[in-house]
Amino acid sequence: MTEGRFCEEHGKQENRRYEKYDRDPVVRRRYGRAWKRIRDCYAAKHPFCEECRKKGLLRPVEEVHHKLPLAEGGTHDEENLVSLCQPCHARIHAERGDRWNKH
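Residues numbered from 1 in each chain as written. Predicted model: local features only at pLDDT ≥ 70, side-chain atom pairs only at ≥ 80, totals over all residues. Heavy atoms only, no water.

(A) Representation of the overall build of the protein. Counting secondary structure elements, the protein contains five helices and two strands. Counting across all 103 residues of the protein, residues that qualify as buried make up 28%. Look at the contacts in the protein between residues 6 or more apart in sequence, and 50% of them connect residues 24 or more apart. In the form shown here, the protein has an accessible surface area of approximately 7100 Å², with 52% of it arising from carbon and sulfur atoms. (Helix = DSSP H or I, 4+ residues; strand = E, 2+ residues; numbered from the N terminus. Buried < 20%, exposed > 50% of the residue type's maximum accessible area, 1.4 Å probe, protein only. Contact = heavy atoms within 4.5 Å. Areas by Shrake-Rupley, 256 points an atom, 1.4 Å probe, with all protein chains shown as cover.)

What follows is the structure, encoded as structure tokens:
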């Protein structure tokens with residue numbers, strides 16, 4: 001049983017598969033070293049899932065998510081970012097239908 005769509009091991013495999021085959025190459029180029037620094041800095045400032053905190057839960061950040069995706073004109077600016085746990089991140093993408101429903 002898992003909390004999210006995949007267990008930890010299979011989640012990593014799915015992320016690798018997504019990065020290699022499904023993510024737009026133009027968007028993939030926007031996620032380099034600069035993004036990693038921005039992501040790490042944002043996660044340090046916001047160490048808990050912002051969606052879970054609204055419900056009174058404290059879950060550590062696992063993903064830094066763009067509210068408006070880069071592919072749709074979003075930026076790495078702080079006001080476009082949100083710290084999320086893996087289940088909340090997967091739920092947002094599933095609701096948008098932009099990641100998990102492509103295959």
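(B) Local environment of helix α3 (residues 33-45). Along its 13 residues, α3 runs 19 Å from first to last C-alpha, staying within 8% of the 18 Å computed at 1.5 Å per residue. If you check which residues of α3 are buried, you get W35, Y42 and A43. Looking down the long axis of α3, one finds its buried residues gathered within 100 degrees of arc, a one-sided arrangement. The outward face of α3, more than 90 degrees from its buried face, is lined by the exposed residues R33, R37 and A44. Looking at the packing, one finds that the buried side of α3 touches α4 (50-54), β1 (63-66) and β2 (81-84). (Expected span 1.5 Å × (residues − 1). Arc of directions from axis to C-beta.)

(C) Quick look at the nonpolar core. With seven residues, the main nonpolar core is built from C49, C52, V82, L84, C85, C88 and I92. Every element with two or more residues in this core is listed here: β2 and α5 (86-96). What C49 contacts, discounting residues up to four positions off in sequence, is R59, P60, V61, S83, L84, C85 and C88. One finds W35, Y42, A43 and L81 within the second-largest nonpolar core, a separate group that totals five residues. (Core = buried A, V, L, I, M, F, W, Y, C linked by side-chain atoms within 4.5 Å.)

(D) The environment of Y42, seen in detail. Inspection of the secondary structure assignment puts Y42 in helix α3. Measuring from C-alpha to C-alpha, the distance between Y42 and L81 comes to 8.0 Å, with 39 residues separating the pair along the chain. For Y42, the contacting residues outside a window of four places in its chain are E50, V64, E78, L81, V82 and S83. Within polar-contact distance, the side chain of Y42 engages the side chain of E50 at 2.9 Å. (Polar contact = N/O pair within 3.5 Å; in protein donor to acceptor, adjacent residues only side chain to side chain.)

Such coordinate-based values are descriptive only and should not be taken to indicate function.
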